Amino acid sequence: MKLKKGFRLHNLGSEYIVVAEGDSAVDYSSILSLNESGAYIWKNIENTDFDADTITSLLLKEYEVDEKTASADAFSFVESLLEADLITE
């Protein structure tokens, strides 16, 4: 999987949002809000091939969390990206 081109992560104070750039930026339905962990993942998978295992590894490396929780969070994150149509396979 890869993140679709044309989307960029922006920091707004303590929040992060992913928005479409260019002509599609007018569509406010394509804004995704991320917490700090989500922004960390986005930054580390941007412009790379990834899967849920990649994200699980990132979470285990950065946070004090067990593998079961990291895996569940990774799958949830991928689901959110799929629902927002931000992934190409």
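For clarity, every value in this text was computed on a predicted model and none was experimentally measured.

K.L.:
Got a minute to help me understand the overall build of the chain in this structure?
P.N.:
Helix and strand content of the chain: three helices and five strands. Its helices and strands in sequence order give the chain the pattern β-β-β-β-α-α-α-β, from N to C terminus. A globule of 89 residues ought to have a C-alpha radius of gyration of about 12 Å, and the chain, at 13 Å, matches this closely. Seen through its C-alpha atoms, the chain measures out along the principal axes to roughly 40 × 30 × 20 Å.

K.L.:
Whenever I open this one, unusual backbone geometry confuses me. Can you help?
P.N.:
Apart from glycine, the bulk of residues carry a negative phi angle, and the bulk of peptide bonds sit in the trans form. A positive phi angle, near 65°, is found at Asn-47, a position not held by glycine. Within the secondary structure, Asn-47 is located in the loop between helix 1 (36-45) and helix 2 (52-62). Even without glycine at this site, Asp-85 takes up a positive phi of about 60°. Residue position: Asp-85 is located in the loop between helix 3 (67-83) and strand 5 (87-88). We classify Asp-85 as partly exposed; its relative accessible area is 46%.

About the thresholds
Residues numbered from 1 in each chain as written. Predicted model: local features only at pLDDT ≥ 70, side-chain atom pairs only at ≥ 80, totals over all residues. Heavy atoms only, no water. Helix = DSSP H or I, 4+ residues; strand = E, 2+ residues; numbered from the N terminus. Rg over C-alpha atoms; globule rule 2.2 N^0.38 Å. Buried < 20%, exposed > 50% of the residue type's maximum accessible area, 1.4 Å probe, protein only.

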